[in-house]
Amino acid sequence: MTLDPIHVENIAQLAYGIGGDVDATDHDDLAERVWREWLPELRRDGRVVLEAFGDHERRRAAIDDVALAERPFETVHGLDSGTINPTTFKNGLVVDVAHAAMASSPTDLDLHRDRTIVATVHAGDSTAGFDSEWTRRDEGHTKQRVLHVPRVNRYAERVVHALALYLAEGTHALDHADRVDDLLVLDGPVYPKELFTWADRDPELGALAREAKPRAVVEQYVRLVERFVERDVPLAGFVKNPASATATRALSRAGVESPWPDDTALFTRLLERREPGGDAGIGGDDGRGGADRGARLDDDLTFTTWFRSRGGADAPMAADGDALGVDRELDPELYEPTFMIVYDPRTDVTYKLEAPYAFTRDVATRERLTRQVVAEVAATRGPPEPVSKADALARISASEKAALRRKFEERLGSDQQATYDDLRWGKADF
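Throughout, a residue's number is its position along its own chain's written sequence, starting from 1. Per-residue local features are limited, in this predicted model, to residues with pLDDT of at least 70; the limit for side-chain atom pairs, both in listing and counting, is 80 or more; totals at the level of whole chains, interfaces and linings are taken over all residues. Hydrogens are left out, water is left out, and the side-chain values use all remaining heavy atoms of the structure.

The name given to the protein in an unreviewed UniProt entry is DNA double-strand break repair nuclease NurA, with the source organism recorded as Halorubrum miltondacostae.

So this is what it looks like as structure tokens:
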């Protein structure tokens, strides 16, 4: 125990001081104004970065009723990729391993057995070479390879992680696309957005994103969209932890002093409902703010209609973006990311459902996707069941990660580069 009761009380006093200077009612009024005046067509430097299409509404659905409602899609597949996380060895190699799996609802055990495994390697020695071709194991159910990533002076761990994760996921999705009859939902965004953010992080990373190997990873997702458009089967991505700041940054650039750190905080504010006399929210009244906000209402899920996104990490896949140099065979507009937001008051968690405009431009498909995700979140109190299944299949546990790292140590003849955090958090115990 590091804090005595007096320390806890003293810290609480700081919270009282902070809370007293924040007027939540002002935030409510600003959120409502942003929704009405800015979000229908939000511009940054004259370019539309967020645009509502179809109806511009916030909606709600009774949780008990919608959880029992018939699903619009008869079968749904989910796909996820898990990694051991980047590991640095004393011989200078940085390695990560990703493992992708697809799940279905109803369950298909033969499909669940199929896996795609990618090991990515970064070497400080420019003469080393580790690339391998795809090989098959486990009677053909496992497809695997080693990818030697381009050399960078910094961010080697970030590079091996992103390329392993997205190469495994994109390859597995393409290889199993024809197994999907009604809907595929990726666990996460529909595009490899980590690669799209590299240019904002560092010029060297931005240049790296356009090299052949990273561009080939992006190309897989472009081809995946084209394959599903050709088959007339919707493709979506369920984002459990949305991290975009496209709206809040555009608002700040336009002179609106945003109190929200990111778009998730803004949409949570817009979708959260409170008892009358508290937060305005959806269907509420103006409140007093601060500690006097009314209790959260948790009988309905709340959600938005759909937006087209062309800013931030979505900019490369916008119609006027260049997809990092990847050729697009369809009208570039069809690749644009679109999204809707779902808020679950029972857990106070906000989710994002993404899909390319090629699918959501159709009103009927848009409504089916909305009904599907709202019903699934209502029933599971979390991600849709196929996404959770895929996550369970692809996840590599802490003990498995430790065992795999030891295998690499044996094979490479080199120990991991230990850190104090490894000692502090007991990673060596596994």
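*Asks:* Break down the overall build of the protein for me, with residues and values.
*Replies:* Only DSSP runs of H or I reaching four residues or more are called helices, and only runs of E reaching two or more are called strands; each is numbered from the N terminus. In terms of helices and strands, the protein carries 16 helices and 15 strands. Our radius of gyration looks at C-alpha atoms and nothing else; its globule reference is 2.2 Å times the residue count to the power 0.38. The C-alpha atoms of the protein give 23 Å as radius of gyration, which agrees with the globular expectation for 430 residues (22 Å, within 12%). In terms of overall dimensions, the protein has C-alpha extents of about 65 × 60 × 45 Å along its principal axes. Three labels apply to residues, based on accessible area from a 1.4 Å probe with only protein chains included: buried if under 20% of the type maximum, exposed if over 50%, partly exposed otherwise in between. With 430 residues in all, the protein has 51% of them scored as buried. Within the protein, counting contacts between residues at least 6 apart in sequence, those at least 24 apart form 71% of the total. For this count, His and the chain ends are skipped, Lys and Arg are scored as positive, and Asp and Glu as negative. Where a charge lies is defined by one atom per residue type: Lys uses NZ, Arg uses CZ, Asp uses CG and Glu uses CD. For the protein, the separation between the mean place of its 56 positive charges and that of its 79 negative charges on side chains is 3 Å. For this analysis, residues touch if any pair of their heavy atoms sits within 4.5 Å.

*Asks:* If you had to explain the pairing of strand β4 (residues 76–83) to someone new, which residues and values would you point to?
*Replies:* Burial runs high along β4: eight of the eight residues are buried. Burial along β4 is two-sided: V76, G78, D80 and G82 facing one way and H77, L79, S81 and T83 facing the other are all buried.

*Asks:* Explain helix α11 (residues 263–271) to me, and be specific about the residues and the numbers.
*Replies:* Within α11, eight of the nine residues are buried, which leaves it mostly tucked inside the rest of the structure. Along α11, the residues that are buried comprise D263, T264, L266, F267, T268, R269, L270 and L271. In protein, a polar contact requires one atom able to donate a hydrogen and another able to accept it; more generally it is a pair of N or O atoms within 3.5 Å, and residues adjacent in sequence count only if both atoms are side-chain atoms. Between the side-chain oxygen of the N-cap and the backbone nitrogen of T264 there are 3.2 Å, and the N-cap of α11 in question is D262.

*Asks:* How would you summarise unusual backbone geometry if you had to cite specific residues and measurements?
*Replies:* Backbone torsion omega between S105 and P106 reads 5°, so that peptide bond is classified as cis. Within the secondary structure layout, P106 lies in the loop between β6 (94–105) and α4 (109–113). Phi at D232 is positive, roughly 60°, even though this residue is not glycine. Along the chain, the position of D232 falls in the loop between α9 (212–231) and β11 (235–239).

*Asks:* Talk me through a nonpolar patch on the surface; I want residue IDs and the actual numbers.
*Replies:* Judged by side-chain polarity, L3, V8 and I11 come together as a nonpolar surface patch covering roughly 240 Å² of accessible area. By the element assignment, V8 lies in helix α1 (residues 5–19). Here V8 falls in the partly exposed class, since its relative accessible area comes to 46%. Any residue with relative accessible area above 30% and no salt bridge may belong to a patch, with like charges joined within 9 Å and the nonpolar Val, Leu, Ile, Met, Phe, Trp and Tyr side chains within 5 Å. Only the protein chains shown count as cover for residues, with accessible areas throughout obtained via the Shrake-Rupley method and a probe of 1.4 Å. What counts as a salt bridge is simple: a side-chain nitrogen of Lys or Arg found within 4 Å of a carboxyl oxygen of Asp or Glu.

*Asks:* I'd like a description of the nonpolar core, backed by residues and values.
*Replies:* A general feature of soluble globular proteins is that nonpolar side chains tend to end up buried together. Within this scheme, the nonpolar core is defined by two criteria: the residues are buried Ala, Val, Leu, Ile, Met, Phe, Trp, Tyr or Cys, and they are joined through side-chain atoms within 4.5 Å. Counting 49 residues, the largest nonpolar core has W198 and F228 as the members making the most contacts within it. Where this core is concerned, the elements lending two or more residues are β6, α5 (156–175), β10 (184–187), α6 (193–196), α8 (203–208) and α9. The leading source of residues in this core is α5, at twelve residues. Excluding residues within four positions of it along the chain, F228 makes contact with A177, V180, L184, V233, P234, L235 and F359. If you look at the next biggest cluster of nonpolar residues, it comprises 29 residues, including V76, F238, A355 and V377.

*Asks:* Which residues make up the packing of α5 against α9, and what are the values?
*Replies:* Axis angles are defined between N-to-C directions and span 0 to 180 degrees, where every axis is a line fitted to C-alpha atoms and, for a helix, only to the segment in contact. Put simply, α5 and α9 touch, their axes get as near as 9 Å, and they point 30° apart. Looking at the two axes, α5 sits roughly parallel to α9. Two packed elements cross with a definite hand, and for α5 against α9 that hand is left-handed. Taken together, the residues of α9 that come into contact with α5 (itself represented by L163, Y166, L167, E169, G170, T171, A173 and L174) are P214, V217, Q220, Y221, R223, L224 and R227. By residue class, the composition of the contact of α5 with α9 is nine nonpolar, three polar and three charged. Note on angle classes: values under 35 degrees are labelled roughly parallel, values over 145 roughly antiparallel, values of 65 to 115 roughly perpendicular, and the remainder oblique. Crossings are sorted by hand: turned counterclockwise from the far helix by less than a right angle, the near helix makes the crossing left-handed, and turned clockwise it makes it right-handed. Each residue is assigned to one class: nonpolar for Ala, Val, Leu, Ile, Met, Phe, Trp, Tyr, Cys and Pro, charged for Asp, Glu, Lys and Arg, and polar for all the others, Gly among them.

*Asks:* Talk me through the side chain of H176; I want residue IDs and the actual numbers.
*Replies:* Relative to the helices and strands, H176 is located in the loop between α5 and β10. In this structure the side chain of H176 is engaged in a polar contact, spanning 3.0 Å, whose partner is the side chain of D114.

*Asks:* Go over the packing of aromatic side chains, please, and point to the residues and values.
*Replies:* Stacked, tilted and edge-to-face are the three classes applied to pairs of Phe, Tyr and Trp rings, where Trp contributes its six-membered ring and a pair requires centres within 6.5 Å; stacked means planes under 30 degrees apart, edge-to-face means over 60, and tilted covers the rest. Overall, the coordinates contain seven aromatic pairs when judged by the stated rule. Between W35 and F307, the ring centres sit 6.0 Å apart and the planes meet at 80°, which makes this aromatic pair edge-to-face. Highlighted residues: W35 in helix α2 (residues 24–38) and F307 in strand β13 (residues 307–309), separated in sequence by 272 residues. For the pair W35 and F307, a shared accessibility class is recorded, and that class is buried.

*Asks:* Account for α9, with residues named and values stated.
*Replies:* In this model α9 runs 28 Å from its N-terminal to its C-terminal C-alpha over 20 residues, within 8% of the 28 Å that 1.5 Å per residue would give. If you check which residues of α9 are buried, you get P214, V217, V218, Q220, Y221, V222, L224, V225, E226 and F228. D232 sits one or two residues past α9 and shows a positive phi near 60°. Working rule for helices: expected span equals 1.5 Å times residues minus one.

*Asks:* Lay out the pattern of salt bridges with the relevant residues and their values.
*Replies:* Side-chain pairs of opposite charge can arise where the charged atoms are in close proximity. Taken as a whole and judged by the stated rule, the model has 42 salt bridges. Close ionic contact of R179 with D114 constitutes a salt bridge, the shortest N to O distance being 3.9 Å. Placement of the pair is R179 in the loop between α5 and β10 and D114 in the loop between α4 and β7 (115–122), with a sequence separation of 65 residues. Of the residues examined, D114 reaches a relative accessible area of 10% and is grouped as buried. Among the salt bridges present, the one from E333 reaches R308, with a minimum N-O distance of 2.9 Å. Within this pair, whereas E333 is found in the loop between β13 and β14 (337–344), its partner R308 is found in strand β13, the two being separated by 25 residues in sequence.

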